[in-house]
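# Chains, contacts and geometry: an overview
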Amino acid sequence: MQFFKTARPYIIAGPCSAETREQVLDVAAALAGMNVQLMRAGVWKPRTRPGSFEGNGKAALEWLQEAKQQFNIPVTIEVADPAHIELALQYGIDVLWIGARTVVNPFQVQRLADALRGVNIPVMVKNPVNPDVNLWQGAIERFAQVGITNVAAVHRGFSGYTAAAGYRNQPNWPVPIELKRRMPELSIFCDPSHITGNREKIAEVAQKALDMHFDGLMIETHPQPDAAWSDAAQQVTPVQLNHILHGLIVRDEHTHDMSGLEQLEYLRQLMDSMDAEIVDLLARRMELSAQIGAVKKDCNMTVYQPVRWREIVDTRGSRAGQQGLTPEFVVELYEKIHHESIRIQLALMAAAPETPTTATGPAIDQ
Ligand code: PEP
Ligand code: MN
């Protein structure tokens, strides 16, 4: 059995930072009695600006070692440097995690992977701060390449100038979904604490993640969250964590319910033929675009026509609204369609002029 597949959902909990020996032992005692597979705590903290608490380093490793021995709970810390790895291994840390700010740097990720050659310790790779699925996948591959057999991904959301839906980080769900499509065997955990930045919203995001087939959760848990030295607003007490975990509905990808399966099969067949119609319709629309492009070329007109594009956005958006669809969704879809249309027409403009073989002019049908 793979390390991260021993429970579903796999739960990682513990403070943002290991602050004092008492705090670490307190939280370990509480988590050990709960359905928590792994205890987390930051020992070196990557802070955005200097002057805030940057972790207790080596001293914190001693507290974690003590907590692990006393309460029989495996522990994980963030490592960002080969020197961190050396100390973590020395102090018997069970699992390492790579933070979002480190994952953006392939040089550093490779240095960390090289430091783990021949050491088969489980590693969790957080998403990079920017929504780049290739960068995330690349970091995971660097650890797999040096022989780490247990790698998991942690979705902690993405930085933006403004956070969507009142969250600290934009969840940008299509990014982890795409990672899972590319790496179906990979365990993906969600970190609702860093996504929301707000303890009130953790349960809601945690449930959403489970409904989207995430394999586990990382939830920051502190004996006295309001007094935390980092990320105070998003940490919960062990009692609150227990409450969140008990409230979760765990769903399965599959079912044995025959009538449910039959209904799904029927509805999916309808959907399959509808999708075939959509693709055929798109092909016909692009054909029309090519014809329009030929006219524009003939009349020496620009490919992009801002007034026409605005009209398309307005009319398709309001039609979407009338049909009970989100106008933004339909407009986004049209942005993609329009982009493809422009690509086709630009290629047409760039093509060498045809030597006329007949006197009928360009091949347009209107
Ligand atoms: C953390 O887990 O406390 C942390 C610093 O996370 P991230 O790398 O996701 O910002
Ligand atoms: Mn944190």
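Residues numbered from 1 in each chain as written. Chains lettered and ligands numbered in written order. Predicted model: local features only at pLDDT ≥ 70, side-chain atom pairs only at ≥ 80, totals over all residues. Heavy atoms only, no water.

Attention now moves to the overall build of the protein chain. A tally of regular secondary structure across the protein chain gives 13 helices and eight strands. A globule of 366 residues ought to have a C-alpha radius of gyration of about 21 Å, yet the protein chain, at 26 Å, is considerably larger. With respect to the principal axes defined by its C-alpha atoms, the protein chain has extents near 90 × 50 × 40 Å. The buried share of the protein chain, reckoned over its 366 residues, is 43%. By sequence separation, contacts in the protein chain at least 24 residues apart represent 73% of the contacts at least 6 residues apart. When the accessible surface of the protein chain is totalled, it reaches about 20100 Å², and 54% of it is carbon and sulfur. Once the 34 positive and 42 negative side-chain charges of the protein chain are each reduced to a mean point, those two points are 4 Å apart. (Helix = DSSP H or I, 4+ residues; strand = E, 2+ residues; numbered from the N terminus. Rg over C-alpha atoms; globule rule 2.2 N^0.38 Å. Buried < 20%, exposed > 50% of the residue type's maximum accessible area, 1.4 Å probe, protein only. Contact = heavy atoms within 4.5 Å. Areas by Shrake-Rupley, 256 points an atom, 1.4 Å probe, with all protein chains shown as cover. Lys, Arg positive; Asp, Glu negative; His and termini not counted. Charge placed at Lys NZ, Arg CZ, Asp CG, Glu CD.)

Along helix α3 (residues 82-90), the residues classified as buried are His84, Ile85, Leu87 and Ala88. The inward-facing, buried residues of α3 abut α2 (58-71), β3 (75-78), β4 (95-98) and α5 (106-115).

With that settled, the discussion passes to the domain arrangement of the protein chain. Each assigned domain of the protein chain is listed with its residue range as follows: domain 1 (3-247) and domain 2 (258-350). Placing a centre on the C-alpha atoms of domain 1 and another on those of domain 2 gives a separation of 41 Å. (Domains from an automatic or database assignment.)

Next up on the list: the packing of aromatic side chains. Applying the stated criterion across every chain, the model contains seven aromatic pairs. When the centroid spacing of 5.6 Å and the interplanar angle of 75 degrees are considered together, the rings of Phe4 and Tyr10 count as edge-to-face. Residue Tyr10 is classed as buried on the basis of its relative accessible area of 2%. Both rings, one in Phe53 and one in Trp229, keep their centres 4.9 Å apart while their planes meet at 90 degrees; by these two values the pair is edge-to-face. In this pair, Phe53 sits in the loop between β2 (38-40) and α2 while Trp229 sits in the loop between β8 (216-220) and α10 (238-247), placing the two residues 176 residues apart along the sequence. For Phe53, a relative accessible area of 19% puts it in the buried group. For Trp229, a relative accessible area of 41% translates into the label partly exposed. An aromatic cluster of three or more residues is present, and its members are Phe3, Phe4, Tyr10 and Phe189. (Phe/Tyr/Trp six-rings, centres within 6.5 Å; stacked < 30°, edge-to-face > 60°.)

Before going further, it helps to spend a moment on unusual backbone geometry. Following Arg8, the chain continues to Pro9 via a peptide bond in cis, the omega torsion being -5 degrees. Although it is not a glycine, Asp231 adopts a positive phi angle of roughly 50 degrees.

Take the state of the cysteines next. Each disulfide is one covalent bond, formed between the sulfur atoms of two cysteines. Under the counting rule described, the total for this entry stands at zero disulfides. Note on Cys190: no disulfide assigned, nearest cysteine sulfur contributed by Cys16 at a separation of 16 Å. Cys190 gets classed as buried once you look at its relative accessible area, which sits at 0%. (Disulfide = S-S within 2.5 Å.)

Turning to the sheet that holds β4, a few remarks are in order. Strand order in the closed barrel made by the eight strands is β1-β2-β3-β4-β5-β6-β7-β8, with parallel pairing throughout. Each strand of the sheet is rotated relative to its neighbour by a mean of 25 degrees, with strand direction disregarded. Pairing between strand β5 (residues 123-126) and strand β6 (residues 151-155): four bridges, direction parallel. Bridging across to β6, Lys126 finds its partner in Val154. (Pairing = 2+ DSSP bridges. Axes fitted to C-alpha atoms, helices over the stretch in contact; angles between N-to-C directions.)

This paragraph deals with the pairing of β8. When you tally the buried positions in β8, you get five out of five residues, the bulk of the element. With burial as the criterion, each face of β8 is covered, one bearing Gly216, Met218 and Glu220 and the other bearing Leu217 and Ile219. Two elements, strand β7 (residues 187-190) and β8, share two bridges in a ladder whose sense is parallel. In the strand pairing of β8, Phe189 is matched with Gly216.

Looking now at the site of ligand 1. Around ligand 1 lies a shell of 13 residues, among which Arg40, Ala100, Arg101, Lys126 and Arg156 are the nearest. Contacts to ligand 1 include Arg40, whose side-chain N or O atom sits 2.7 Å from an oxygen atom. Arg101 is positioned such that a nitrogen or oxygen atom in its side chain is 2.8 Å from an oxygen atom of ligand 1. Considered on its own, ligand 1 offers 300 Å² of accessible surface; in the complex 97% of this is hidden by protein. In the shell around ligand 1, the residues fall into four nonpolar, two polar and seven charged. (Near = heavy atom within 4 Å. Polar contact = N/O pair within 3.5 Å; in protein donor to acceptor, adjacent residues only side chain to side chain. Nonpolar A, V, L, I, M, F, W, Y, C, P; charged D, E, K, R; others polar.)

Attention now goes to the coordination of the manganese ion (ligand 2). Think of it this way: four donors in a tetrahedron around the metal ideally sit 109.5 degrees apart, and six in an octahedron ideally sit 90 or 180 degrees apart. Here the manganese ion (ligand 2) is held by the protein donor atoms Cys16 (SG), His194 (NE2), Glu220 (OE) and Asp231 (OD), which lie 2.1 to 2.4 Å from it. Written as a sequence motif, the donor arrangement for the manganese ion (ligand 2) is C-x177-H-x25-E-x10-D. Pair noted here: His194 is in helix α8 (residues 192-196) and Asp231 is in the loop between β8 and α10, with a separation of 37 residues, a long-range link. No difference in accessibility class separates His194 from Asp231, as the two residues are buried. (Donors = N, O, S within 2.8 Å, 3.2 Å for Na, K, Ca; no water.)

Let us look at a nonpolar patch on the surface. Judged by side-chain polarity, Met258, Leu261 and Leu264 come together as a nonpolar surface patch covering roughly 260 Å² of accessible area. Here Leu261 is to be found in helix α11 (residues 258-298). We classify Leu261 as partly exposed; its relative accessible area is 34%. (Patch = residues over 30% accessible without salt bridge, like charges linked within 9 Å, V, L, I, M, F, W, Y side chains within 5 Å. Salt bridge = Lys/Arg side-chain N within 4 Å of Asp/Glu carboxyl O.)

Here Asn35 lies in the loop between α1 (21-32) and β2. For the pair Asn35 and Gln345, spaced 310 residues apart in sequence, the C-alpha separation works out to 58 Å. Aside from chain neighbours lying at most four places away, what touches Asn35 is Ile11 and Leu245. In this structure the side chain of Asn35 is engaged in a polar contact, spanning 3.2 Å, whose partner is the side chain of Gln37.

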